[in-house]
Amino acid sequence: MLKEVVENTEGGIATLLMDFEGIPVDSYSKPGAAFDITTIGAEFSVVLKSIQRAAEMLDAGNAAEIAIQAEKVTTLIRVVNNSYFVAFSMTPDANIGKARYLLRTKVPVLLKELA
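Description of the structure in this document. (Residues numbered from 1 in each chain as written. Predicted model: local features only at pLDDT ≥ 70, side-chain atom pairs only at ≥ 80, totals over all residues. Heavy atoms only, no water.)

Notes on helix H2 (residues 37-57)
Taking 1.5 Å of rise per residue, 21 residues should cover 30 Å, and H2 covers 30 Å from first to last C-alpha, within 8% of that figure. Within H2, the axis deviates most sharply at Ser 45, by approximately 30°. Among the residues of H2, those classed as buried are Ile 37, Ile 40, Gly 41, Ser 45, Leu 48 and Ala 55. Looking at the residues trailing H2, positive phi occurs at Asp 59, about 55°. (Helix = DSSP H or I, 4+ residues; strand = E, 2+ residues; numbered from the N terminus. Expected span 1.5 Å × (residues − 1). Bend = angle between axes of the 7 residues up to and from the residue. Buried < 20%, exposed > 50% of the residue type's maximum accessible area, 1.4 Å probe, protein only.)

Let's talk about the environment of Thr 74
By secondary structure assignment, the location of Thr 74 is in strand S4 (residues 74-79). On a C-alpha basis, the gap between Thr 74 and Ala 14 in space is 11 Å, while along the polypeptide they are 60 residues apart. Sequence-distant contacts of Thr 74, that is, excluding residues within four places in its chain, are made with Ile 68, Gln 69, Phe 88, Ser 89, Met 90, Thr 91, Pro 92 and Ile 96. (Contact = heavy atoms within 4.5 Å.)

Regarding the pattern of salt bridges
Applying the stated rule across the entire model yields three salt bridges. One salt bridge in this structure joins Glu 4 and Lys 106, with 2.8 Å as the shortest N-O distance. Remark: Lys 106 occurs in helix H3 (residues 96-114) and Glu 4 occurs in helix H1 (residues 2-7); sequence separation between them is 102 residues. Of the residues examined, Glu 4 reaches a relative accessible area of 34% and is grouped as partly exposed. Between Glu 65 and Arg 100 there is a salt bridge whose closest N-O contact spans 2.4 Å. On the criterion of sequence distance, the pair formed by Glu 65 in strand S3 (residues 65-69) and Arg 100 in helix H3 is long-range, its members being 35 residues apart. (Salt bridge = Lys/Arg side-chain N within 4 Å of Asp/Glu carboxyl O.)

Some words on the nonpolar core
Leu 17, Val 80, Val 86, Phe 88, Met 90 and Leu 103 are the most contacted members of the largest nonpolar core, which has 16 residues in total. The set of elements that each furnish at least two residues to this core consists of H1, strand S5 (84-90) and H3. Element by element, the count of residues in this core is highest for H3, at five residues. Here Leu 103 is in contact with Val 5, Leu 76, Arg 78, Val 86 and Phe 88, once residues within four sequence places are set aside. If you look at the next biggest cluster of nonpolar residues, it comprises 14 residues, including Ala 14, Ile 37, Ile 40 and Ile 77. (Core = buried A, V, L, I, M, F, W, Y, C linked by side-chain atoms within 4.5 Å.)

Let's talk about the environment of Asp 26
Along the chain, Asp 26 falls in strand S2 (residues 24-29). Along the sequence, Asp 26 and Leu 110 sit 84 residues apart, while their C-alpha atoms lie 11 Å from each other. In contact with Asp 26, not counting residues within four places along its chain, are Leu 2, Leu 16 and Leu 17.

Things to note about the environment of Ala 42
Secondary-structure assignment places Ala 42 in helix H2. Ala 42 gets classed as partly exposed once you look at its relative accessible area, which sits at 29%. Once the C-alpha coordinates of Ala 42 and Phe 20 are considered, the two residues, 22 residues apart in sequence, prove to be 8.5 Å apart. With residues up to four places along the chain from it excluded, the contact list for Ala 42 reads Met 18 and Gly 22.

Here it is as structure tokens:
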């Protein structure tokens, strides 16, 4: 599933399933990827936990998706459940709409595999 998301999104670089403690479960990167998806996931897991706490304090509900756009890479994070999230890195000019759609539709598949 992780490979399918990367390969079916123009500009996709890598994707990762990780727990909120920063431990990778599985990942896929295109050969020669300029960024290490495991490092990206570990660093953004800290940010994601802070965002979740802020949303909880604001009584805004659970955070479901976060996008971080940097000069050289865009990373889309989708929460799978209380324990896991998926991080998907792509080029800044990638089709983020398609990436969002693929992650949203593939998360239920991941939930079944994790059960």
